[in-house]
Amino acid sequence: MTSQPTQRGLKIKELPSTERPRERLRLLGPHALSTTELLATLLGSGNKNASAMACAIAIFERGGGSLGRLASMPMATLTRVHGVGQARAAAVQAALELGRRMTGEAREAGQPLRGPRDVAAAYAPRLQDAPVEEFHVAILDAQHRLERDVLVTRGLLNSSLVHPREVFREAIAERAAAVILVHNHPSGDPTPSAEDRAVTEQLVAAGRLLDIPVHDHVIVGRGRYVSFAEAGLL
């Protein structure tokens with residue numbers, strides 16, 4: 001059971017030793033600590049203006065209580081938190097990126113992407129809270145395993161930016177059996193737009209010419225997704 005966060009106003013050294021996050025982690029393991037306690041352990045120590053716990057609570061609140069949103073924040077936003085300088089902001093960003101890469105490794109180890117739920121599980125952790133649209137191509141082998149993830153563009157999605165040349169260049173080089181298109185909607189609503197449909201139609205047609213089928217286009221929202229294949233839009 002995860003403990004309640006320690007009091008905001010107390011410095012960690014003022015707490016009983018059994019309540020200090022680092023000591024509790026050593027004795028009970030990281031699963032026993034709250035998210036803010038883990039952040040405080042990462043920060044290490046406070047300063048004359050704010051304790052490590054106070055900084056951790058403020059950082060988590062800045063992310064709206066979501067590690068995903070926190071991970072998508074630029075360093076400049078984190079350094080606006082009282083008591084958080086560039087070194088602490090960099091430590092937080094590095095830790096969250098390690099977590100995202102660990103999630104990716106589990107998928108890259110050979111799990112096939114057999115349907116949109118698998119695709120969403122692989123991409124949602126890093127895309128559902130991203131502040132801008134990112135368009136990715138999942139390159140699959142003959143067993144539907146993810147061989148490589150290619151970021152095609154970051155920013156506003158339109159047909160001039162997501163050109164078939166950019167989408168299929170790596171797929172051709174990797175001798176892909178198929179591809180899956182993936183992008184996110186920062187609004188949180190994964191409903192396809194007219195531009196989404198136009199881009200998908202263009203890329204599906206290009207895939208047919210190249211004999212690299214587009215199996216799906218999955219749009220990731222906040223906590224949900226839309227699959228073009230499931231919706232009969234391919």
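Keep in mind the model is a prediction, meaning the values are calculated, not measured.

Cut-offs applied
- Residues numbered from 1 in each chain as written.
- Predicted model: local features only at pLDDT ≥ 70, side-chain atom pairs only at ≥ 80, totals over all residues.
- Heavy atoms only, no water.
- Helix = DSSP H or I, 4+ residues; strand = E, 2+ residues; numbered from the N terminus.
- Buried < 20%, exposed > 50% of the residue type's maximum accessible area, 1.4 Å probe, protein only.
- Contact = heavy atoms within 4.5 Å.
- Areas by Shrake-Rupley, 256 points an atom, 1.4 Å probe, with all protein chains shown as cover.
- Salt bridge = Lys/Arg side-chain N within 4 Å of Asp/Glu carboxyl O.
- pLDDT = per-residue confidence, 0-100.
- Pairing = 2+ DSSP bridges.

A. Summary view of the overall build of the protein chain. Within the protein chain, the regular secondary structure consists of nine helices and five strands. Relative to its full complement of 234 residues, the protein chain shows a buried share of 44%. Contacts in the protein chain between residues far apart in sequence, at least 24 positions, make up 59% of those at least 6 positions apart. Carbon and sulfur atoms make up 52% of the accessible area of the protein chain, which totals about 12,400 Å².

B. Local environment of the pattern of salt bridges. Applying the stated criterion across every chain, the model contains 11 salt bridges. We note a salt bridge from Arg 69 to Asp 129, for which the minimum N-O separation is 4.0 Å. One end of the pair, Arg 69, is in helix H4 (residues 67–72); the other, Asp 129, is in the loop between helix H7 (116–127) and strand S1 (134–140), and 60 residues separate them in sequence. The class for Asp 129 is buried, based on a relative accessible area of 10%. For Arg 154, the salt bridge is made with Glu 134, and the minimal N-O distance between the two is 3.2 Å. Here Glu 134 lies in strand S1 and Arg 154 lies in strand S2 (residues 146–154), a separation of 20 residues in the sequence.

C. Representation of unusual backbone geometry. With phi around 65 degrees, His 144 is a residue other than glycine that occupies positive phi space. Residue position: His 144 is located in the loop between S1 and S2. The residue Asp 211 is not glycine, and still its phi comes out positive at about 60 degrees. By the secondary structure assignment, Asp 211 is in the loop between helix H9 (194–210) and strand S4 (214–220).

D. Representation of the confidence of the model for the protein chain within the structure. When pLDDT is averaged across the protein chain, the result is 83; 84% of the residues are at 70 or more. A low-confidence stretch, residues 1–8 stays under pLDDT 50, and its non-local contacts, those more than four residues away or across chains, total 23 contacts.

E. Broad picture of the pairing of S4. Extensive coverage of S4 is indicated by the burial of six of its seven residues. Both S4 and strand S5 (residues 225–227) contribute to a ladder of three bridges, which runs antiparallel. Counterpart to Val 220 in the pairing with S5 is Tyr 225. Counted along the chain from S4 to the antiparallel partner S5, the turn is four residues long, and its residue Gly 223 has a positive phi close to 80 degrees.

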